[in-house]
Amino acid sequence: MRRCLIYRRSYLCWYHYFSSFLSPELYSSDSPVFIFKALLYAMMAFNKSHLPDIHPENVLSLNVLLLGEKQSGRSSVGNALIGGEEFQTGACLSGNSTTTECQLLHRNFPNFFRRQGAESDLILRVVDTPPILPRSYDIARLCPEGVHILVLVLRVDLVHTSSHLEECLQSLLGPDWHHHTLLVLTHADQLKEAGLQPSAFLRQASDRLRALSDLVRGGVHFIDNSCDWPLIRGRQLRDQLLHLSARNHHRSLVVRTDISL
């Protein structure tokens with residue numbers, strides 16, 4: 001209906017245009033010749049002004065889902081990915097998470113990478129979530145195309161992984177969830193203070209954390225919170241996500257809504 005109204009307005013504009021030089025019998029609004037020409041020019045004007053000058057093959061859009069315990073740094077990781085500070089961070093006075101419902105933000109990175117010899121844009125659609133685990137319906141609503149990348153966020157000083165985490169993720173995203181997952185460990189600056197290298201930390205970590213780090217296909221990414229890392233580390237994170245998605249041929253995981261977590 002809206003498109004018809006646009007065509008009609010354009011039709012009237014071209015009617016007055018043609019009437020300035022066509023003979024009266026041709027620019028009559030009932031003339032088939034005029035109607036055809038006016039509609040043709042109206043459609044050309046509409047398409048030129050409303051269709052983006054971007055080839056679909058030169059744009060890659062990825063849905064990224066952030067999961068983690070409260071105060072793990074999920075929102076800060078989201079800010080690093082989109083290169084801003086739109087996701088609210090910090091702790092409430094009660095000590096609870098500031099994120100109480102799923103939130104979607106997106107950012108376009110022009111000419112971020114090359115694909116088949118052409119510059120391509122990267123669009124990241126990042127979903128921040130309340131502490132593990134959000135409702136599957138909310139995720140499916142924000143990611144109807146599915147989830148391309150799952151980012152699990154943990155603190156190195158408060159590492160706690162639920163014994164049911166893998167089971168819940170498999171119920172939510174299917175058995176291939178770990179092929180699309182990247183593990184991010186925040187507050188890695190505390191490892192420096194303790195004189196530990198990231199590799200040494202993982203060797204001394206709990207069996208559950210070591211098993212998780214070995215399982216996820218995207219590997220482990222450590223983040224130092226002592227610097228302005230949302231801006232500094234953002235590019236590295238985006239590169240890592242893009243590489244992981246490419247390994248999966250940019251396929252997404254369908255969010256299952258027929259289960260309760």
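Shown above is the structure to which this text applies.
In short, a report on the structure.

Parameters and conventions
Residues numbered from 1 in each chain as written. Predicted model: local features only at pLDDT ≥ 70, side-chain atom pairs only at ≥ 80, totals over all residues. Heavy atoms only, no water. Phe/Tyr/Trp six-rings, centres within 6.5 Å; stacked < 30°, edge-to-face > 60°. Helix = DSSP H or I, 4+ residues; strand = E, 2+ residues; numbered from the N terminus. Lys NZ or Arg CZ within 6 Å of the ring centre and 35° of its normal. 1 Å grid on protein atoms, 1.4 Å probe; cavity = no way out; pocket = protein on both sides within 12 Å on 5 of 7 lines; lining within 4 Å. Points joined across faces, edges and corners; volume = space filled by probe spheres on them. Buried < 20%, exposed > 50% of the residue type's maximum accessible area, 1.4 Å probe, protein only. Arc of directions from axis to C-beta. Contact = heavy atoms within 4.5 Å. Pairing = 2+ DSSP bridges.

## A word on the packing of aromatic side chains
- The tally for this structure, following the rule as stated, stands at two aromatic pairs.
- Consider the rings of F201 and F222, whose centres lie 6.3 Å apart with planes at 85°: the pair is edge-to-face. A residue pair is termed long-range when its members are at least 10 positions apart, and F201 in helix α8 (residues 198-204) and F222 in strand β6 (residues 220-222) qualify at 21 residues.
- Over the ring of F112 we find R235, and its NZ or CZ is 3.9 Å from the ring centre.

## Structural notes on the layout of surface pockets
- Its volume calculated, the second largest pocket comes out at about 150 Å³.
- Surrounding the second largest pocket, eleven residues form its lining, A188, L191, K192, P198 and F222 being those nearest its centre.

## Observations regarding helix α9 (residues 207-215)
- Taken together, the buried positions of α9 are occupied by L209, L212 and S213. Looking down the long axis of α9, one finds its buried residues gathered within 95° of arc, a one-sided arrangement. Opposite its buried face, α9 presents the exposed residues D207 and D214, each directed more than 90 degrees away.
- Check the buried side of α9 and you find it contacts β4 (149-155), α6 (165-173), β5 (181-186), α8 and β6.

## Section: the pairing of β4
- For β4, a buried count of seven out of seven residues is recorded, marking the element as mostly surrounded by other parts of the structure.
- Note: β4 against β5, six bridges, orientation parallel. Following the sheet pairing, L154 is matched in β5 by L185.

## Topic: unusual backbone geometry
- Even without a glycine there, the phi angle at N111 is positive, about 50°.
- The topology assignment puts N111 in strand β2 (residues 103-115).
- One non-glycine residue, H250, lies in the positive phi region at around 60°.
- H250 sits in the partly exposed class, given a relative accessible area of 23%.

## A word on the environment of L182
- Its location among the elements puts L182 in strand β5.
- In this structure, the C-alpha to C-alpha distance between L182 and S213, residues 31 residues apart in sequence, is 8.8 Å.
- Every residue in contact with L182, bar those within four places of it in the chain, is listed here: L150, V151, L152, G218, G219, H221, L237, Q240, L241 and L244.

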